[in-house]
Amino acid sequence: MFKRARIAAKSAARRSTFARRVLAALLTASLLPAAASSVEARDPLLAYGARIVGDDARTRIVIDFDREPRFSVHYIANPERIVVDLPATAFGFPAKDLAARGLFKDIRYGKMDEESARIVLTTAGPVKLALAKVQADETGNGHRLVLDAEMIDKKAFVELVKTQSWSDRSEGARTTSAIPAPQKAAPGDFIIAVDAGHGGIDTGAIGVDTKTEEKQVTLAFAKALTDRLNKEPGIKAFLTREDDEFLSLSQRVLIARQNHAGLFISLHADTLKQKDIRGATVYTISDKASDKLAADLAERENLSDQIAGKETVAEPPEVADILLDLTRRETQAFSISLAESVLNSFKDQVSTINNPHRHAGFRVLQAPDVPSILLEIGFLSNAEDEKLLLDEVWRGKIAGLLTDAVKRYRAAVMANGG
């Protein structure tokens, strides 16, 4: 069964030189930091080829690297996933070469931060890696990572999860060590956290025509909005993420709170099954969704951590109730006020969907002391919206209208003694 994988390695190796050149140019332009903190960050691994073979009893994945990769494997339950952590890695093979099959129903891979990348294998049932090793390529062109997965029973998988050693548990501590902050914020400045949805391994939605990833669209809009806001006296805006990096939902909330943000604006550009629906939508938090569209969107957005292979740490019920109550009492009215201000700015300027202010239980909006909105700028599933979302001029227009909305909101808050 695995003979094809060995044969395919030769053709993949021939593609490696071209892939290296393309990826090197892209990385130099947009991915490498000015001063990296490790060898991998300065010179990421290149995964230039991949293949997957097998069935629903056993499946093999082979990934070609330009040099020997260090890796670690962990297992996560509910749903069952296998997480493979790597140093900084550029993935240069076509997505179709690692399309899910056999034991795997979903495969994601991408950047986590400047020094790490991750492969998340969501399985169709309890699975373990019977083999996970790095081999030198017979052709001398680097190394390959070989993962042989086989089905096991539920009890054995639970034991794997229970007995493993996982070092990536102190997410909060790692987040607080390098929190982005507004530049030159003075006492009395109105601070705004601008959150580019998705990032890194979590690509978000994909454009219907151009196949542009949502994470790219949201970051471009977030940068435009932050730049525009920072031109206003007394307003200081900052990005929760400044590049293609994964942030968990709790990290995004924590970054806003620890910077004492007075507003949190999360930008998104989702897809819908109904391709004809287009326009902007503003969402605020609620323990009950306003409609099915809002409920479905919140459910998808709340899966971001799961996509990236993060363990879900549930709060005790009494803590969760307290947090939701605080959110509702202290910030919901302010969030609604901001949403209305945004829609007033968009009136006759930007297309919106029917009932453009909706609400649902978005985890990214749960900061108990920061008024927050989630703005769907448009839908990448609609061809007309997609064109606008990629238009730099339109991006600037949206940034200007949102800035006007923030200024009106701020004036109203200050007039009421806020």
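Residues numbered from 1 in each chain as written. Predicted model: local features only at pLDDT ≥ 70, side-chain atom pairs only at ≥ 80, totals over all residues. Heavy atoms only, no water.

K.L.:
Would you take a moment to explain the overall build of the protein for this structure?
P.N.:
Helix and strand counts for the protein stand at 11 helices and 15 strands. Looking at the protein residue by residue over its 418 residues, the buried ones come to 50%. Counting contacts in the protein only where the partners sit at least 6 residues apart, residues at least 24 apart contribute 77% of the total. (Helix = DSSP H or I, 4+ residues; strand = E, 2+ residues; numbered from the N terminus. Buried < 20%, exposed > 50% of the residue type's maximum accessible area, 1.4 Å probe, protein only. Contact = heavy atoms within 4.5 Å.)

K.L.:
Is there a simple way to explain the sheet that holds strand β2 (residues 58-65) in this structure?
P.N.:
Either a parallel or an antiparallel arrangement is found when strands of a sheet pair, and the pairing is made through backbone hydrogen bonds. Strand order in the open sheet formed by five strands is β5-β1-β2-β9-β8, and the pairing between neighbours is mixed. Looking at which strands have only one partner, the edges of the open sheet turn out to be β5 (89-91) and β8 (127-136). Adjacent strand axes in the sheet meet at a mean angle of 25°, parallel and antiparallel pairs treated alike. Alignment of strand β1 (residues 45-54) against β2, held across seven bridges, turns out to be antiparallel. Following the sheet pairing, valine 53 is matched in β2 by arginine 60. (Pairing = 2+ DSSP bridges. Axes fitted to C-alpha atoms, helices over the stretch in contact; angles between N-to-C directions.)

K.L.:
How should I be thinking about the packing of aromatic side chains in this particular structure?
P.N.:
One pair of aromatic rings is described through two measures. These are the centre distance and the angle between the planes. If you walk through the whole model with that rule in mind, you get seven aromatic pairs. Pairing phenylalanine 93 with tyrosine 109 gives two aromatic rings, centres 5.1 Å apart and planes at 45°, and the pair type is tilted. Residue phenylalanine 93 is located in the loop between β5 and β6 (104-113), and its partner tyrosine 109 is located in strand β6; the two are separated by 16 residues in the primary sequence. Residues phenylalanine 93 and tyrosine 109 agree in their burial class; the two are buried. For the pair phenylalanine 190 and tyrosine 409, a centre-to-centre distance of 6.3 Å together with 35° between the ring planes defines the contact as tilted. Placement of phenylalanine 190 in strand β10 (residues 190-196) and of tyrosine 409 in helix α11 (residues 392-415) is noted, with a sequence separation of 219 residues between them. Phenylalanine 190 sits in the buried class, given a relative accessible area of 14%. On the accessibility criterion, tyrosine 409 (4% relative accessible area) is buried. Ring-pair connections join several aromatic residues into one group, and the members of that group are Phe91, Phe93 and Tyr109. One residue, arginine 395, lies across the ring of phenylalanine 221, its end atom 5.6 Å from the ring centre. (Phe/Tyr/Trp six-rings, centres within 6.5 Å; stacked < 30°, edge-to-face > 60°. Lys NZ or Arg CZ within 6 Å of the ring centre and 35° of its normal.)

K.L.:
What's the story with the sheet that holds strand β4 (residues 81-87) in this structure? I'm lost.
P.N.:
Spatially, four strands are ordered β3-β4-β7-β6 in an open sheet, and the strand pairing comes out antiparallel. Across the chains shown, the open sheet's two edge strands, defined by having one partner strand only, are β3 (72-76) and β6. Taken pair by pair, the neighbouring strands of this sheet meet at an average axis angle of 20°, ignoring direction. Bridge analysis of β4 against strand β7 (residues 116-123) gives seven bridges, and the strand direction is antiparallel. The residue of β7 that forms the bridge with arginine 81 is threonine 122. This element, helix α3 (residues 154-163), spans β3 and β4 of the sheet and lies at about 120° to β3.

K.L.:
How do you make sense of helix α7 (residues 292-301) when you look at a structure like this?
P.N.:
Since the α-helix turns once every 3.6 residues, residues separated by three or four places project in the same direction. All buried positions along α7 are accounted for by Ala294, Leu297, Ala298 and Glu301. Take α7 and look down its axis: the buried residues cluster within an arc of 100°, on one side only. Those residues of α7 that are exposed and aimed more than 90 degrees away from the buried face are Lys292 and Glu299. One side-chain oxygen at the N-terminal end of α7 lies 3.0 Å from the backbone nitrogen of leucine 293; it belongs to aspartate 291. (Arc of directions from axis to C-beta. Polar contact = N/O pair within 3.5 Å; in protein donor to acceptor, adjacent residues only side chain to side chain.)

K.L.:
Explain the side chain of arginine 252 to me, please; I cannot follow it from the model alone.
P.N.:
You can see arginine 252 is positioned in helix α6 (residues 249-258). Residue classification places arginine 252 among the buried positions, given a relative accessible area of 2%. Not counting the four nearest positions on each side in its chain, arginine 252 is found in contact with Asp195, Ala196, Gly197, His198, Thr240, Arg241, Leu247, Phe264 and Val364.

By themselves, these figures tell us nothing about what the structure is for.
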